[in-house]
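One-letter residues, chain by chain:
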Amino acid sequence: MSKIYIIGHRNPDMDSICSAVGYANLKNLIDPENEYIAVRCSHMGDTVKKLLTTLSISAPPYMPNVYPKVSDVMLPPDIRVDADAPLTEYAAIYSASNPSAIPVFEGDSYCNLVSVDDIVTWAISMLTDYHGNIKIPRIRDIVHENDTHLNAEDKFTEGKAALAASQRRGLPVFSEGKFVGYVTRSCFLDMPRYNVILVDHNEQSQSIKGLETANIIEMIDHHRLNALKTDLSLFIDAEPLGSTCTIVYQLYLRNGIRPDRQTARILLTGILSDTLILKSPTTTSVDVESAHSLAAISGVKVEDYGQQMFSNIEGLKSRDPLSVITSDFKAYNEQGIKIGIGQCEVTSLHDLDIYAEKYLSALEEVRVQNGMDWTTLMITDVIKEHSVLLSTSYNAEHHLQYAKISDHIYDMPGVMSRKKQLLPELFHVLSQS
Ligand SMILES: [Mn+2]
């Protein structure tokens, strides 16, 4: 059984979280040969956290990267010898399984690894002062002082380099100060790869760290395609629908499986969140039908449930601008120009004047921190279906087609979608610069 991680984009929104959880449930039902685990690759923003809590949906565990690690190749500490054992015990283990190094323990505490090299070195020194009688030594006569060790979380490549540099046959592996296993040269012959399924994104810049070292086995997405070149053939389901959760629900239908009540509610949450209660222009008839079917299974009404979800949103005045911007922030690299677009929802824009300045300076801070050329924040009033755009100063900013409210603030009535409406406009501006 292999483990396959299902991962949404960085700064996950509800669609990323819910599609990962919903798809993992489906895959575990249709492919019991493998274990599918929904994870998230970065921290969640306050709004997502609060919404998950309110709706009693548990967040997938955090997984910072998919770099192969020392812990993925290390040998478990099953074989061991006691420091007080005679050398003949080492010889017996060695002739049974030929380990190139064996961990030595003093009771429960780890001393060091003793390798075949250590034994040979000792034997040569014995021969040098051989005076006719050999006393069988104890292991402790041979074991060195505890030397270099690796950490379980070290990258495979770092562990391999450290072992090669050490001139030793093997190195112990520690985790939180405790011996947990050890590696020998043969552990590093092949680099293991994590198996991943990407949901709700396909671009490396938006994905988990270390993606370039992983096997991408599937992609389920509703965004533009700008995916990494893959080594293996893969299953891709990319459809221009309003939400990845809709695609996941369609995959349930194609497999003839009815999601359970809780999964249905999770998928519904993702759909209503991404389509702003089916009002965003990204919404298709498939999203509408799927949302109503899922609402029926979970025993709620689409409109009521959507209102309940969005009524929990706190106004921007009282929130921390940096965390609002970065909690749903997407980075794009278009012909070498780096831009970032944050998006947030509000239930009214009446207090924009009060907080706009604070958010503009936070946007500039995010731009500098990320080494970007241009950052913007789209604030959407989900009730009135109306957005405003805050923008850092950018040389081609005047090409924006939106009406200017004041410096770096633009009015976007009817604009609800970052992907379908704002992004093409920003790309258009970039092409003018
Ligand atoms: Mn989405």
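Residues numbered from 1 in each chain as written. Predicted model: local features only at pLDDT ≥ 70, side-chain atom pairs only at ≥ 80, totals over all residues.

Let's talk about the overall build of the protein chain
Now for step 1: A tally of helices and strands in the protein chain yields 13 helices and 17 strands.
Now for step 2: A compact globule built from 433 residues should have a C-alpha radius of gyration of about 22 Å, whereas the protein chain, at 28 Å, is more than 25% larger.
Now for step 3: With the C-alpha coordinates of the protein chain rotated into their principal frame, the extents come out at 100 × 50 × 40 Å.
Now for step 4: Across the 433 residues in the protein chain, those meeting the buried criterion constitute 41%. (Helix = DSSP H or I, 4+ residues; strand = E, 2+ residues; numbered from the N terminus. Rg over C-alpha atoms; globule rule 2.2 N^0.38 Å. Buried ≥ 20, exposed ≤ 12 C-beta atoms within 10 Å, placed from the backbone.)

Focus on the packing of helix α8 (residues 261–274) against helix α10 (residues 302–311)
Now for step 1: Look at α8 against α10: their axes get within 10 Å of each other, and the N-to-C directions meet at 70°. With respect to α10, the element α8 is oriented roughly perpendicular. Two secondary-structure elements touch here, α8 through Leu-268, Thr-269, Leu-272 and Ser-273 and α10 through Tyr-305, Gly-306 and Met-309.
Now for step 2: Taken together, the residues that form the contact of α8 with α10 break down as 4 nonpolar, 3 polar and no charged. (Axes fitted to C-alpha atoms, helices over the stretch in contact; angles between N-to-C directions. Parallel < 35°, antiparallel > 145°, perpendicular 65-115°, else oblique. Contact = placed C-beta atoms within 7 Å. Nonpolar A, V, L, I, M, F, W, Y, C, P; charged D, E, K, R; others polar.)

A look at the domain arrangement of the protein chain
Now for step 1: Looking at the assigned domains, one finds that the protein chain contains domain 1 (3–66 + 193–310), domain 2 (71–185) and domain 3 (321–432).
Now for step 2: Between the C-alpha centres of domain 1 and domain 3 there is a distance of 25 Å.
Now for step 3: Contacts between the two partners involve 16 residues from domain 1 and, on the opposite side, 18 residues from domain 3.
Now for step 4: Tallying contributions element by element places helix α2 (residues 46–54) first for the side of domain 1 that touches domain 3, with 3 residues.
Now for step 5: Residues of the side of domain 1 that touches domain 3, tallied by class, amount to 5 nonpolar, 8 polar and 3 charged. (Domains from an automatic or database assignment.)

Some words on α8
Now for step 1: Taking 1.5 Å as the rise per residue, α8 with 14 residues should run 20 Å; its terminal C-alpha atoms sit 20 Å apart, in good agreement.
Now for step 2: Taken across its 14 residues, α8 has 12 buried, putting it largely inside the fold.
Now for step 3: By the burial criterion, the buried members of α8 are Thr-263, Ala-264, Arg-265, Ile-266, Leu-267, Leu-268, Thr-269, Gly-270, Ile-271, Leu-272, Ser-273 and Asp-274.
Now for step 4: Against the buried residues of α8 lie α1 (14–30), α7 (244–254), α9 (285–298) and α10. (Expected span 1.5 Å × (residues − 1).)

Section: α10
Now for step 1: If you check which residues of α10 are buried, you get Tyr-305, Gly-306 and Met-309. Burial along α10 is one-sided: seen end-on, the buried residues are contained in an arc of 100°. Set apart from the buried face of α10 by more than 90 degrees, the exposed residues are Glu-303, Asp-304 and Ser-311.
Now for step 2: Turning to α10, the residues buried within the fold contact α2, α8 and α9. (Arc of directions from axis to C-beta.)

A look at the nonpolar core
Now for step 1: With 82 residues, the main nonpolar core has Ile-6, Ile-7, Ala-20, Val-196, Val-248, Leu-267 and Leu-268 as its most contacted residues.
Now for step 2: Take this core: its biggest share by element is 8 residues, from α1.
Now for step 3: Ranked by size, the runner-up nonpolar core spans 21 residues in total, among them Val-70, Ile-139, Leu-171 and Val-173. (Core = buried A, V, L, I, M, F, W, Y, C linked by C-beta atoms within 7 Å.)

Notes on the environment of Leu-422
Now for step 1: By the element assignment, Leu-422 lies in helix α13 (residues 418–432).
Now for step 2: By the C-beta count within 10 Å, which is 22 here, Leu-422 ends up buried.
Now for step 3: Discounting residues that sit within four places of it in the chain, Leu-422 has contacts with Ile-341, Met-378, Val-415 and Ser-417.

Brief notes about the environment of Glu-397
Now for step 1: Position of Glu-397 relative to the elements: it lies in the loop between β15 (386–391) and β16 (403–406).
Now for step 2: Distance from Glu-397 to Asp-147, taken between C-alpha atoms, is 59 Å for residues 250 residues apart in sequence.

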